[in-house]
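Okay, here's what each chain looks like letter by letter:
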Amino acid sequence: LTKSEEQEVVEAIRVAEKNTSGEIRVHIEKETSIAPIDRAVEVFHELKMDLTQERNGVIIYIAAKSKLFAIYGDKGINDKVSTDFWNTTKDIMLNHLKNGENKLALVKGIESAGKQLKKYFPYQDDDKDELSNEISKG
Ligand code: CA
Ligand code: CA
């Protein structure tokens, strides 16, 4: 991603978090030697994303060169939703990633994740930005 594309992604997170108390983070690295979902869980903990009050952090993980990605949500989310909860978001991302549209995949994926989260974790008036919106890189 270029610098300005990164800013668009950060902005998408900021906007999505205006609809939900859930916290979305993006981690991008070149490749992964393990399954993307396992790596996503690893990074999730490295970034201390389990420290949100409602345990409603979500990581969108991309291994750019490997063209792999995963979405992992914390316990608070998994307690409330079905296992196919992220499928819509994954499909949207996959369609864009296939076309090499990495930025679009992230922006649309974040929008979708925000909408999904809103149903279970609506925005609270006293909301805090518990996790940084900046992209994390491996
Ligand atoms: Ca928040
Ligand atoms: Ca945030």
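See above for the structure.
The text that follows walks through the structure, step by step, so that each part is easy to find. (Residues numbered from 1 in each chain as written. Chains lettered and ligands numbered in written order. Predicted model: local features only at pLDDT ≥ 70, side-chain atom pairs only at ≥ 80, totals over all residues. Heavy atoms only, no water.)

**Concerning the coordination of the calcium ion (ligand 1)**
Ligation of the calcium ion (ligand 1) by protein atoms is provided by Glu-23 (OE), Asp-127 (OD), Asp-127 (OD) and Lys-128 (O), these donors lying 2.1 to 2.8 Å from the ion. Taken as a pair, the calcium ion (ligand 1) and the calcium ion (ligand 2) lie 5.5 Å from each other and share Glu-23 as a ligand. Pair noted here: Glu-23 is in strand E1 (residues 23–29) and Asp-127 is in the loop between helix H5 (102–120) and strand E4 (136–137), with a separation of 104 residues, a long-range link. Look at Glu-23 and you get buried, because its relative accessible area is 0%. (Donors = N, O, S within 2.8 Å, 3.2 Å for Na, K, Ca; no water. Helix = DSSP H or I, 4+ residues; strand = E, 2+ residues; numbered from the N terminus. Buried < 20%, exposed > 50% of the residue type's maximum accessible area, 1.4 Å probe, protein only.)

**What about the sheet that holds E4?**
If you walk across this open sheet you meet the four strands as E3-E2-E1-E4, and the pairing is mixed. Two strands close off the open sheet at either side, each with one partner strand: strand E3 (68–73) and E4. Packed onto the sheet, helix H4 (residues 87–98) meets strand E2 (57–63) and E3 and runs at close to 160 degrees relative to E3. (Pairing = 2+ DSSP bridges. Contact = heavy atoms within 4.5 Å. Axes fitted to C-alpha atoms, helices over the stretch in contact; angles between N-to-C directions.)

**Side note on the nonpolar core**
Counting residues in each nonpolar core, the largest one holds 27 residues, and the members touching the most others are Ile-24, Val-26, Ile-60, Ile-77, Trp-86, Leu-106 and Ile-110. When residues of this core are traced back to their parent elements, those giving at least two are helix H1 (3–16), E1, E2, E3, H4 and H5. Looking at which element gives the most residues to this core, the answer is H5, with six residues. Discounting residues that sit within four places of it in the chain, Val-26 has contacts with Val-9, Ile-13, Ile-60, Leu-106, Ile-110, Glu-134, Ile-135 and Ser-136. Core analysis: the second largest hydrophobic core is formed by nine residues, Ala-40, Met-49, Ala-70 and Leu-131 among them. (Core = buried A, V, L, I, M, F, W, Y, C linked by side-chain atoms within 4.5 Å.)

**Remarks on the coordination of the calcium ion (ligand 2)**
Within the first shell, the calcium ion (ligand 2) binds the protein through Glu-17 (OE), Glu-17 (OE), Glu-23 (OE), Asp-129 (OD), Leu-131 (O) and Asn-133 (OD1), at distances of 2.2 to 2.7 Å. Going along the chain, you hit the donors of the calcium ion (ligand 2) in the pattern E-x5-E-x105-D-x1-L-x1-N.

**Re the pairing of E2**
Extensive coverage of E2 is indicated by the burial of seven of its seven residues. Side chains of E2 alternate between two faces, with Gly-57, Ile-59, Tyr-61 and Ala-63 and Val-58, Ile-60 and Ile-62 buried alike. Read as a crossover between parallel neighbours, the route from E1 over helix H2 (residues 36–46) to E2 is right-handed. Taken together, E2 and the strand that follows it, E3, pair antiparallel across an intervening segment of four residues, in which Lys-67 is found at a positive phi of about 55 degrees. (Right-handed = clockwise from strand over helix to strand, strands pointing away.)

**Details of the packing of H4 against H5**
Here H4 crosses H5 at 170 degrees, and the two axes come no closer than 8 Å. Between H4 and H5, the angle is such that the two are roughly antiparallel. Listed contacts from H5 to Thr-88, Thr-89, Ile-92, Met-93, His-96 and Leu-97 of H4 are Asn-102, Leu-104, Ala-105, Leu-106, Lys-108, Gly-109, Ser-112, Ala-113 and Gln-116. (Parallel < 35°, antiparallel > 145°, perpendicular 65-115°, else oblique.)

**Concerning the packing of aromatic side chains**
In this description, an aromatic ring pair is defined by two values, namely the gap between the centres and the angle between the planes. Considering all chains together, one arrives at three aromatic pairs under this definition. With centroids separated by 5.1 Å and ring planes inclined at 90 degrees, the aromatic side chains of Phe-44 and Tyr-72 adopt a geometry described as edge-to-face. Highlighted residues: Phe-44 in helix H2 and Tyr-72 in strand E3, separated in sequence by 28 residues. A ring pair is formed by Phe-85 and Trp-86, whose centres lie 4.7 Å apart and whose planes are at 70 degrees; its orientation type is edge-to-face. A relative accessible area of 6% means that Trp-86 is categorised as buried. The rings of Phe-85, Trp-86 and Tyr-120 are connected pair by pair, giving a single aromatic cluster. (Phe/Tyr/Trp six-rings, centres within 6.5 Å; stacked < 30°, edge-to-face > 60°.)

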